[in-house]
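Survey of secondary and tertiary structure
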Amino acid sequence: MNNKISYLLNTVRCVHRCNSVLTPTSSATTRKHVLWIGRYRDPLENVNFRKLFLNISPSLRGSSLRFLSQKIDVFSTGAKIQPEKGTEALVSEQAPHSSSELEKLDDSGSSKGKHGIDYSEPFFASLQKCTCPSDVLDLAAESAVSIKHFTNSLTTIWKIFRNLSEDQQRYEKQLIFEHPAFVKLCQQLLRDSRRMTRGDLVFSLHAVVNLGVPQNTLLVQTLLRVCQEKLNQLDNRCISVLATTLAELEKDKNVSALQAGLQLLVEQRIPNIRDIFILQNLMKCLGKDVPVFLKKKLEMAVLKEIDHLTFPNALRMFLALDTMYYCSVPILNACSKKIQENVHDVSFRHLILILEACYNLQYRNVKLFSAVADYVNSAACLWDKRQMMLFLSAFETLGFQPSELMDIFAEKVTEDPEFLNLKNLLIVLRVYSRLNYIPRDQKHLFFETLHNCLNKYLPQISNTELLKAVYSLCILGYLPHRALDELLQKDSRDELFLSDDLYKEQKEVMLRSVKACVELDSPSFTKPAFVLTESSSSLISLNLRKAREALIELLGDENMFQQNVQLPYKYHIDFEIRMDSDRKKVLPISATDDHADSSVQRLAFLFVPLSAFCLGTTHPQGKLAVKKRHLNKLGYHVILVLNKKFQEMTNEDAVEFLKEKIYSENAFPLSEVTVQESN
């Protein structure tokens, strides 16, 4: 009975298609009404459908192909349509070779325009009027007689299909694969593949792959093989389309052989490619495995045409460099300028992808980041909290502190703390602690909100998550007592770390920092009159030798300072200098080493990398900030020195720089800035 019903429904569909040939618009109208009716079903599960695709002449079925590892007919019995990716996430995985980017190639220079097609011919005139894939297939079944008709029918199906929503695509794909004309169309492509023009060949392959025809079918493998044979005949436009298609396929012998040949061909053709769109498409599709010399050739070709860079191409070029994993600063700077000028026209998804690309390429552009942050601030009412959190997380990985955005987001969090599930809470804590930022006007409310959320998740939180959450709050100078008690109890029972934990050492450092915060940030802690210190080693690292020599020249004796100083709580100081209460005279280390003297001023020199500060500022990030805060609690005046800039100074300038830092009263206030005061 079920089989009879199935055959009846198939008959009704066939009658419906026959009627739609007479009235092409009717099928589109009817489909709108039935779009949401019925459960989606994989058309390749239909036995009759599979038999149709197996109905190929013996000569074609037995044809041998070089590099063809799967001897399969147009659609094999076990083949399945390639699954589509969902769009549940706000920022989906970057589609590295989006077919929509081929619209420029497809429309302006496709096989239609370059091979003398007469659009006044009835078939092509009717083809242009089709509004859905089934209309095209109905037309092909009735009127297509030449290979040009079949190839243009296929590319038209793909053009219509790619502009549909995901749900519409799922339904239309079922109709396409169940349509008898599609079987005939694929068979015709297989028979005439070697007689196609180069444009028809690459666009047909592109359409077939993107419509979901399995890669291991004879049709796809035959088209790949013919592309190998005609590779030297392809023009730049066809090379770009082919590169896009290959990037969407899994590695097999045919694909690998074609990619290797394509790479050689691109290397030869680069000097003659003047279209920046084609260049960025090739960069994107060839990917990170391209040899460095070829990446440099592509870079030089782009730089020759950089004056013609438009905003859309700048956006694509930026992401293409990320895909190729090649940081070309001149190109990135040019793209950044265009993006800054048109930042209001960039979608949320692309803004996130741009920031991720900057991180991947280790490209830091404060003007670009500021422009993005200012745009997000200006349109804060348009973004939901999750989108803003993703922006902050992206900025955090770059070490960039968008203070105004962080204030706005903190206000939203305090207004609606229910948004903070455990995952979001950990992200927020990580962002604010690493960037060392506390909201200006709602410090206590913000802390209490985060603290209450953490307490709510204590029964279900893992040991690692608990450590990260407590560590982040401690870095910000806030002690979450309930969570702290639970963490320290687990530590006392040796439950925090597993013996084979790959991150055990990192976690031990975090726990040690938490314990230091418990003691030093406690309201009951008082400044010690004397701090026991020791020199860990007489050896000094290469990047500190210049500073040591400058101090000797300035102070006259190496007994006037101490190097590689080890303090309680595992804190380390590069150089320590002791001065009288008026800060006029440097005292010998030996004279003040064995007794407490409140009149002695202790200076702690820390030579730090630029990465220890928030990008483009002298605002210390979390780890450095908590170290400064604790050294201040121990009685030190902390002087931070950017090591890179110091190394670039001449010896005379280095001595003058240290002299100013030691004897100038203005050198201390900046170094004594705590987390709270810096905001």
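Placed above this text is the structure.
So, here is what we can say about the structure in this document. (Residues numbered from 1 in each chain as written. Predicted model: local features only at pLDDT ≥ 70, side-chain atom pairs only at ≥ 80, totals over all residues. Heavy atoms only, no water.)

Turning next to the overall build of the chain. Counting its secondary structure elements, the chain contains 33 helices and 6 strands. A buried classification covers 54% of the 679 residues belonging to the chain. A fraction of 76% describes how many contacts in the chain between residues 6 or more apart in sequence connect residues 24 or more apart. Just so you have it, the chain exposes about 32000 Å², and 51% of that area is on carbon and sulfur atoms. (Helix = DSSP H or I, 4+ residues; strand = E, 2+ residues; numbered from the N terminus. Buried < 20%, exposed > 50% of the residue type's maximum accessible area, 1.4 Å probe, protein only. Contact = heavy atoms within 4.5 Å. Areas by Shrake-Rupley, 256 points an atom, 1.4 Å probe, with all protein chains shown as cover.)

Take helix α24 (residues 422-434) next. If you check α24, its first and last C-alpha atoms are 18 Å apart, about what 13 residues at 1.5 Å a residue would give, namely 18 Å. Considered for burial, the residues of α24 that qualify are Leu422, Asn424, Leu425, Leu426, Ile427, Val428, Leu429, Val431, Tyr432 and Ser433. Structurally, α24 contributes buried residues whose contacts are with α22 (385-398), α23 (403-415), α25 (443-457), α26 (463-475) and α30 (622-633). The N-cap residue of α24 is Asn421: its side-chain oxygen and the backbone nitrogen of Lys423 are 3.2 Å apart. Asn436, located one to two residues past α24, shows a positive phi value of around 55°. (Expected span 1.5 Å × (residues − 1). Polar contact = N/O pair within 3.5 Å; in protein donor to acceptor, adjacent residues only side chain to side chain.)

Now for the packing of helix α19 (residues 329-341) against helix α21 (residues 366-378). The N-to-C vectors of α19 and α21 enclose an angle of 20°; their axes lie 10 Å apart at closest approach. In terms of their interaxial angle, α19 and α21 are classed as roughly parallel. Here the hand of the crossing between α19 and α21 comes out left-handed. Two secondary-structure elements touch here, α19 through Ser336, Ile339 and Gln340 and α21 through Lys367, Leu368 and Ala371. (Axes fitted to C-alpha atoms, helices over the stretch in contact; angles between N-to-C directions. Parallel < 35°, antiparallel > 145°, perpendicular 65-115°, else oblique. Left-handed = near helix turned anticlockwise from the far one by under 90°.)

A regular strand carries its side chains on alternate faces of the sheet. The element strand β6 (residues 636-642) is largely enclosed, with a buried count of 6 among its 7 residues. With 7 bridges joining them, strand β5 (residues 601-608) and β6 adopt parallel strand pairing. Among the inter-strand pairings, Leu603 is bridged to a residue of β6, identified as His637. With respect to chirality, the unit in which β5 leads through α30 into the neighbouring parallel β6 is right-handed. (Pairing = 2+ DSSP bridges. Right-handed = clockwise from strand over helix to strand, strands pointing away.)

This paragraph deals with unusual backbone geometry. At Asn564, a position not held by glycine, the phi torsion is positive, near 50°. Structurally, Asn564 can be placed in strand β2 (residues 562-566). Here the phi dihedral of Arg583 falls at roughly 55°; this positive angle occurs in a residue that is not glycine. Given a relative accessible area of 16%, Arg583 falls into the buried group.

With 7 of 8 residues buried, strand β3 (residues 572-579) lies mostly within the body of the structure. Pairing geometry for β2 and β3, over 4 bridges, is antiparallel. From the neighbouring strand, Gln562 faces β3, where its bridge partner is Glu576. Taking the residues that link successive antiparallel strands as the turn, the β2-β3 hairpin has 5 residues, and the phi of Tyr569 there is positive, at about 65°.

Right, let's get into the pattern of salt bridges. Charged atoms that come close allow side chains of opposite charge to pair. One pass over the structure, following the stated rule, counts 23 salt bridges. As a salt-bridge pair, Arg274 and Glu305 come within 3.8 Å of each other at their nearest N and O atoms. In this pair, Arg274 sits in the loop between α15 (253-269) and α16 (276-286) while Glu305 sits in the loop between α17 (292-304) and α18 (311-324), placing the two residues 31 residues apart along the sequence. For the salt bridge of Arg578 with Glu576, the shortest nitrogen-to-oxygen distance reads 2.9 Å. The exposure class of Glu576 is buried, given its relative accessible area of 0%. If you follow the salt bridges from partner to partner, you end up with Glu166, Asp167 and Arg170 in one network. (Salt bridge = Lys/Arg side-chain N within 4 Å of Asp/Glu carboxyl O.)

Inspection of the entire model under this criterion finds 18 aromatic pairs. Here the aromatic rings of Phe447 and Tyr478 are separated by 4.9 Å at their centres, their planes lie at 25°, and the arrangement is stacked. Pair noted here: Phe447 is in helix α25 and Tyr478 is in the loop between α26 and α27 (481-492), with a separation of 31 residues, a long-range link. Of the aromatic side chains, those joined through ring pairs into one cluster are Phe561, Phe575, Phe607, Phe646 and Phe657. (Phe/Tyr/Trp six-rings, centres within 6.5 Å; stacked < 30°, edge-to-face > 60°.)

So, about the environment of Pro312. You can see Pro312 is positioned in helix α18. A relative accessible area of 41% places Pro312 in the partly exposed class. In this structure, the C-alpha to C-alpha distance between Pro312 and Asn342, residues 30 residues apart in sequence, is 9.6 Å.

What follows concerns the environment of Arg198. On the secondary structure map, Arg198 appears in helix α12 (residues 198-211). Those residues in contact with Arg198, other than ones at most four positions away along the chain, are Gln233, Leu234, Asp235 and Cys238. A polar atom in the side chain of Arg198 sits 2.9 Å from the backbone oxygen of Gln233.

Taken together, Glu553, Glu652, Asp653, Glu656 and Glu660 make up a surface patch of like negative charges. When residues of the negative patch are assigned to their parent elements, the largest contribution, 4 residues, is made by helix α32 (residues 651-663). Residue placement: Glu652 occurs in helix α32. (Patch = residues over 30% accessible without salt bridge, like charges linked within 9 Å, V, L, I, M, F, W, Y side chains within 5 Å. Lys, Arg positive; Asp, Glu negative; His and termini not counted. Charge placed at Lys NZ, Arg CZ, Asp CG, Glu CD.)

On to the packing of α18 against α19, then. Running from N to C, α18 and α19 cross one another at 135°; their axes reach a closest spacing of 9 Å. Here α18 lies oblique to α19, going by the angle between them. Crossing handedness for the pair α18 and α19: left-handed. Listed contacts from α19 to Phe311, Ala314, Leu315, Met317, Phe318 and Leu321 of α18 are Ile331, Leu332, Cys335, Ser336, Lys338 and Ile339. Of the residues that constitute the contact of α18 with α19, the class distribution is 10 nonpolar, 1 polar and 1 charged. (Nonpolar A, V, L, I, M, F, W, Y, C, P; charged D, E, K, R; others polar.)

A few words now on the state of the cysteines. Disulfides are covalent bonds that link the sulfur atoms of two cysteine residues. Evaluation of the coordinates by the stated rule reveals 0 disulfides. We note that Cys327 lacks a disulfide partner, and the nearest cysteine sulfur, in Cys358, lies 8.9 Å from it. (Disulfide = S-S within 2.5 Å.)

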